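Structural overview
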Amino acid sequence: MKTKLEFDRVERSAPAVVLYRLTGGLIGSPESYDFLEEIRAQAKRSDAPIVLNMEGLEQVNSTGVGILAACYTSVTNAGGKICLASVPKRLKTILDVVRLTDVLCVLGGEEEAIREVTSA
């Protein structure tokens, strides 16, 4: 099991969106906090919506859930939109239990999430 968080950042222009594809573990590691800082910086430098593709996540703990909540707060406080895509079933269950799905956009696939965050 891969626990180090890695992510690829892809800027798309039509429609304008910043896509992050996460792999490994969102577990409170230094890389997880680096990711949070990346999201905060992105929210400050651009108003492009953000999609987090979670398909490659193998592990998420309570700290990782807190990091997702902080990503949501940072982006929305900056006036932006954020949506999660391809969330593994176990993580979706956790997000449901802690009621983050009440505020976080969580959709099935990457393209569906991109359509959601770029719709007026």
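Before any of the text, the structure's been laid out above.
What counts, and where the lines are drawn
- Residues numbered from 1 in each chain as written.
- Predicted model: local features only at pLDDT ≥ 70, side-chain atom pairs only at ≥ 80, totals over all residues.
- Heavy atoms only, no water.
- Salt bridge = Lys/Arg side-chain N within 4 Å of Asp/Glu carboxyl O.
- Helix = DSSP H or I, 4+ residues; strand = E, 2+ residues; numbered from the N terminus.
- Buried < 20%, exposed > 50% of the residue type's maximum accessible area, 1.4 Å probe, protein only.
- Contact = heavy atoms within 4.5 Å.
- Disulfide = S-S within 2.5 Å.
- Pairing = 2+ DSSP bridges.
- Axes fitted to C-alpha atoms, helices over the stretch in contact; angles between N-to-C directions.
- Right-handed = clockwise from strand over helix to strand, strands pointing away.

Another aspect to go through is the pattern of salt bridges. Opposite charge on two side chains lets them pair, provided their charged atoms get close. For the structure on display, the rule yields eight salt bridges. One salt bridge connects Arg9 with Glu38, and the closest N-O pair in it is separated by 3.2 Å. Residue Arg9 is found in strand E1 (residues 6-13), and its partner Glu38 is found in helix H1 (residues 30-45); the two are separated by 29 residues along the sequence. Relative accessible area serves as the criterion here: at 18%, Glu38 is assigned to the buried category.

On to the side chain of Ser74, then. Checked against the element boundaries, Ser74 lands in helix H2 (residues 62-77). Setting aside residues no more than four positions away along its own chain, Ser74 makes contact with Arg40 and Ala43.

Bringing the state of the cysteines into the picture now. If you walk through the whole model with that rule in mind, you get one disulfide. A disulfide bridge connects Cys83 with Cys105, and the sulfur atoms are separated by 2.2 Å. Taking the sign of the S-S torsion, about -55° here, the bridge from Cys83 to Cys105 comes out left-handed. Remark: Cys105 occurs in strand E5 (residues 105-107) and Cys83 occurs in strand E4 (residues 82-85); sequence separation between them is 22 residues. Since its relative accessible area comes to 0%, Cys83 is described here as buried.

Spatially, E1-E2-E3-E4-E5 is the arrangement adopted by the five strands of the open sheet, whose pairing is mixed. Looking at which strands have only one partner, the edges of the open sheet turn out to be E1 and E5. Pairs of neighbouring strands in the sheet enclose a mean axial angle of 20°, with direction left out of account. On top of the sheet, H1 reaches E1, strand E2 (16-26) and strand E3 (50-60); it is set at about 170° to E2, its chief contact.

What follows deals with unusual backbone geometry. Each neighbour pair has its own omega, and for Ala14 with Pro15 the value is 0°, a cis peptide bond. Even without being a glycine, Ser86 presents a positive backbone phi close to 50°. A relative accessible area of 16% means that Ser86 is categorised as buried. Although it is not a glycine, Arg99 adopts a positive phi angle of roughly 65°. Looking at the secondary structure, you find Arg99 in the loop between helix H3 (89-97) and E5.

So, on to the pairing of E4. Judged by which residues are buried, E4 turns out to be covered on both faces: Ile82 and Leu84 on one side and Cys83 and Ala85 on the other are all buried. Bridge count between E3 and E4: four bridges; the pairing is parallel. Residue Asn53 lies in a different strand from E4, and its bridge partner there is Ala85. Tracing the backbone out of E3, into H2 and back to the parallel element E4 gives a crossover that is right-handed. Both E4 and E5 contribute to a ladder of three bridges, which runs parallel. Following the sheet pairing, Cys83 is matched in E5 by Cys105. Taken together, E4, H3 and E5 constitute a β-α-β crossover, and its handedness is right-handed.

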